[in-house]
Amino acid sequence: MTTSELAAPIAGMPRIGDPAPSFTAETTQGEINFPADYLGKWVILFSHPADFTPVCTSEFMTFASMQQEFAAYHTALVGLSVDGLYSHIAWLRTIRDKISFRGMKDIEVTFPLIDDVSMRVARMYGMIMPGEDSTKAVRAVFVIDPTGTIRAIIYYPLSLGRNFDELLRVIKALQTADHFAVATPADWRPGDRVIVPPAGSCGTAEERMGGHVDGVECEDWFFCTKELPAQEVESAIRGA
Ligand code: BEZ
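Since the model is a prediction, treat every value here as computed from it, not as a measurement. (Residues numbered from 1 in each chain as written. Predicted model: local features only at pLDDT ≥ 70, side-chain atom pairs only at ≥ 80, totals over all residues. Heavy atoms only, no water.)

Moving on to the nonpolar core. By size, the foremost hydrophobic cluster in this structure holds 40 residues, and its most contacted members are Ile44, Phe60, Phe63, Phe70, Phe111, Val143 and Leu167. Counting residues domain by domain, this core receives three or more from each of domain 1 (3-162) and domain 2 (181-239). Once residues lying within four places of it in the same chain are set aside, the contact partners of Phe70 are Ile44, Phe63, Thr75, Leu77, Phe164, Leu167, Leu168 and Ile171. Core analysis: the second largest hydrophobic core is formed by 24 residues, Ala20, Val82, Met127 and Ile128 among them. (Core = buried A, V, L, I, M, F, W, Y, C linked by side-chain atoms within 4.5 Å. Buried < 20%, exposed > 50% of the residue type's maximum accessible area, 1.4 Å probe, protein only. Domains from an automatic or database assignment. Contact = heavy atoms within 4.5 Å.)

Turning our eyes to something else, we now look at the side chain of His48. As for its position among the elements, His48 is in the loop between β3 (42-47) and α2 (54-65). Overall, His48 belongs to the buried group, its relative accessible area being 0%. One polar contact links the side chain of His48 to the main-chain carbonyl oxygen of Ala50, over a distance of 3.4 Å. One polar contact links His48 to Asp51, side chain to side chain, over a distance of 3.4 Å. If we ignore the near neighbours within four places in the chain, the residues touching His48 are Cys56, Phe60, Leu80, Ser81, Trp91, Leu113, Ala137, Val138 and Arg162. (Helix = DSSP H or I, 4+ residues; strand = E, 2+ residues; numbered from the N terminus. Polar contact = N/O pair within 3.5 Å; in protein donor to acceptor, adjacent residues only side chain to side chain.)

Take the UniProt feature "binding site: substrate" (unreviewed entry) in the protein chain next. According to UniProt, the "binding site: substrate" (unreviewed entry) feature falls on Arg139. Mapped onto the secondary structure, Arg139 falls in strand β6 (residues 139-144). You can call Arg139 buried: its relative accessible area is 2%. Residues within four places of Arg139 in sequence aside, it is in contact with Ser47, Pro49, Val55, Cys56, Glu59, Ile154, Tyr155, Tyr156, Pro157, Leu158, Leu160 and Arg162. Within the local environment of Arg139, its side chain forms a polar contact with the side chain of Glu59, the two groups lying 2.9 Å apart. (UniProt positions renumbered as here; feature names shortened; annotations may be inferred.)

Right, let's get into the sheet that holds strand β10 (residues 223-226). Strand order in the open sheet made by the three strands is β8-β10-β9, with antiparallel pairing throughout. In this open sheet, the two edge strands, each paired with only one partner strand, are β8 (194-195) and β9 (216-220). Of the pairings in the sheet, the one linking β8 to β10 comprises two bridges and is antiparallel in character. Along β10, the bridge assignment pairs Ile195 with Thr225. (Pairing = 2+ DSSP bridges.)

Using the residue numbers shown here, the UniProt feature "active site" (unreviewed entry) corresponds to Cys56. Relative to the helices and strands, Cys56 resides in helix α2. Setting aside its immediate chain neighbours within four residues, Cys56 contacts His48, Pro49, Ala50, Trp91 and Arg139.

The omega torsion of the bond from Phe34 to Pro35 falls at -5°, within 30 degrees of zero and hence cis. Topologically, Pro35 is positioned in the loop between β2 (30-34) and β3. Residue Arg102 is not a glycine yet carries a positive backbone phi of 45°. Mapped onto the fold, Arg102 is located in the loop between α4 (85-98) and β5 (113-115).

Quick look at the state of the cysteines now. Tallying each qualifying case throughout the model produces one disulfide. Cysteine Cys202 is unpaired, with the sulfur of Cys224 as its nearest cysteine sulfur at 14 Å. Given the relative accessible area of 68%, Cys202 is considered exposed. (Disulfide = S-S within 2.5 Å.)

This next bit is on the packing of aromatic side chains. All chains considered together, the criterion is met by 15 aromatic pairs. The interplanar angle of 55° and the centroid separation of 5.8 Å between the aromatic rings of Phe63 and Phe70 together place this pair among those described as tilted. You can call Phe70 buried: its relative accessible area is 0%. Every member of this aromatic cluster is reached through a ring pair, and the members are Phe46, Phe60, Phe63, Phe70, Trp91, Phe111 and Phe164. (Phe/Tyr/Trp six-rings, centres within 6.5 Å; stacked < 30°, edge-to-face > 60°.)

Take the packing of helix α6 (residues 164-180) against helix α8 (residues 230-239) next. When two helices pack together, their arrangement is given by the angle between the helix axes and the distance between those axes. Interaxial distance between α6 and α8 falls to 10 Å at its minimum, and their mutual angle equals 90°. In terms of orientation, α6 lies roughly perpendicular with respect to α8. Taking contact as the criterion, the partners of Lys172, Gln175, Thr176, His179 and Phe180 in α6 are, on α8, Glu232, Val233, Glu234, Ala236 and Ile237. (Axes fitted to C-alpha atoms, helices over the stretch in contact; angles between N-to-C directions. Parallel < 35°, antiparallel > 145°, perpendicular 65-115°, else oblique.)

Laid out in structure tokens, this is it:
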């Protein structure tokens, strides 16, 4: 591959609302067919730049230690780097046997890590950003819903480890929006007020502003919120 090919814009990179591009790949947990094997679940498909690097190691340990928490929200984890399977296996064994980070140790990574040495999947998902590094995948996160649709995309550069509380918050917020047909405001967390969909008619706007809709409070006709207790959110999305 020439330098100009590497620097070429990524054609057909998937966007929010698109079906997740399909692929079959070898992973540390055997072959996967993506997203077919995950239909009916939420998935976080994420890339990392390279095995045996410190930021990635801290991220893998954090992801692995939160795996059960993500599973409680019906969310599976799938990692990818443009390293090969034997490198992945050796790195995950080293993490388990030798590395401690923020009180985490003996961490076994049991979610699949894709061998993408050909960069086939990384290119398909637009995980290679030649301006940052022409051969390593940046820290991309694709949140994919149970129908195989891409619902959120987040990118971080090589030097910046991801915020895992934010990734869990994104999962909870998307599931809450789907379940209750609401939107979630800035920094929303379960238990905070949620945004009710904008009034679709002058009549509804009038009704809301007049305080006639139970539990709905409006700052103005287009900005209305309602209470949604954390317990109601948690039992809907964990139990869903
Ligand atoms: C890291 O994970 O530490 C890392 C990976 C690639 C470039 C820079 C840092």
